[in-house]
Amino acid sequence: MTRPETEEAAWEIVAEYPPVREVIPPGTERVLGRNRDLGADLILHDVTVARRHAVLRNRGGALEIQDLESHCGIFVNERSGGYRGRVHLADGDEIRIGQVRLRARRLAP
């Protein structure tokens, strides 16, 4: 039996290179960027990533990503032009920030 999507669930963000694995519980957020001193929680070691590039928010089990006015924007599933605002993510979506590719995975509640 599958669980309804409305149940609060954590999300996992993973990348092979550079290696990244971060769990985002419901009601929390993570800033993605390349500089911890400027408030990035999840460090992406790539010069094309802004110091504070984007934020991932888990709102009651629904994950969204928002660009923080970076120069390059964010890409979800390689949508051309990138996003400058907020995007709701689905299980399995690929996020590209600079040259770093991440995958969003919804974890069972």
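Just so it is clear, the model here is predicted, and its values are computed rather than measured.

**Some details on the sheet that holds strand E5 (residues 54-59)**
- Across the sheet, which stays open at both edges, the five strands sit in the order E4-E3-E5-E6-E8 with mixed pairing between neighbours. The sheet is open, and its two edges are formed by strand E4 (42-43) and strand E8 (86-88), each paired on a single side.
- Bridge count for E5 against strand E6 (residues 62-67) is six bridges, and the pairing is antiparallel. Bridging across to E6, Val55 finds its partner in Gln66.

**A look at the pairing of strand E3 (residues 29-33)**
- In terms of burial, E3 is a largely internal element, four of the five residues being buried.
- The pairing of E3 with E5 spans four bridges and is antiparallel. Residue pairing in the sheet places Val31 in a bridge with Val55 of E5.
- Bridge analysis of E3 against E4 gives two bridges, and the strand direction is parallel. When the sheet's bridge partners are listed, Leu32 is paired in E4 with Leu42.

**Comments concerning the pairing of E6**
- For E6, a buried count of five out of six residues is recorded, marking the element as mostly surrounded by other parts of the structure.
- The pairing of E6 with E8 spans three bridges and is antiparallel. Residue pairing across strands places Glu64 opposite His88, the latter belonging to E8.

**What about the sheet that holds strand E10 (residues 100-106)?**
- Spatially, the five strands line up as an open sheet ordered E2-E1-E10-E9-E7, and their pairing is antiparallel. Looking at strand neighbours, the two that pair on one side only are strand E2 (20-24) and strand E7 (75-76), the edges of this open sheet.
- Both E7 and strand E9 (residues 94-97) contribute to a ladder of two bridges, which runs antiparallel. Each residue of the ladder has a partner; that of Phe75, found in E9, is Arg96.

**Side note on the environment of Asp91**
- Tracing the sequence through the fold places Asp91 in the loop between E8 and E9.
- Taking the C-alpha atoms as reference points, Asp91 and Arg106, 15 residues apart in sequence, are found 5.3 Å from one another.
- Asp91 has contacts with Trp11, Ala104, Arg105 and Arg106, leaving out every residue within four places of it along the chain.
- Only 2.9 Å separates the side chain of Asp91 from the backbone nitrogen of Arg106, close enough to count as a polar contact.

**Observations regarding the packing of aromatic side chains**
- Within this structure, the stated rule accounts for zero aromatic pairs.
- The ring of Phe75 carries the charged tip of Arg96 above its face, separated from the ring centre by 4.1 Å.

Parameters at a glance
Residues numbered from 1 in each chain as written. Predicted model: local features only at pLDDT ≥ 70, side-chain atom pairs only at ≥ 80, totals over all residues. Heavy atoms only, no water. Pairing = 2+ DSSP bridges. Helix = DSSP H or I, 4+ residues; strand = E, 2+ residues; numbered from the N terminus. Buried < 20%, exposed > 50% of the residue type's maximum accessible area, 1.4 Å probe, protein only. Contact = heavy atoms within 4.5 Å. Polar contact = N/O pair within 3.5 Å; in protein donor to acceptor, adjacent residues only side chain to side chain. Phe/Tyr/Trp six-rings, centres within 6.5 Å; stacked < 30°, edge-to-face > 60°. Lys NZ or Arg CZ within 6 Å of the ring centre and 35° of its normal.

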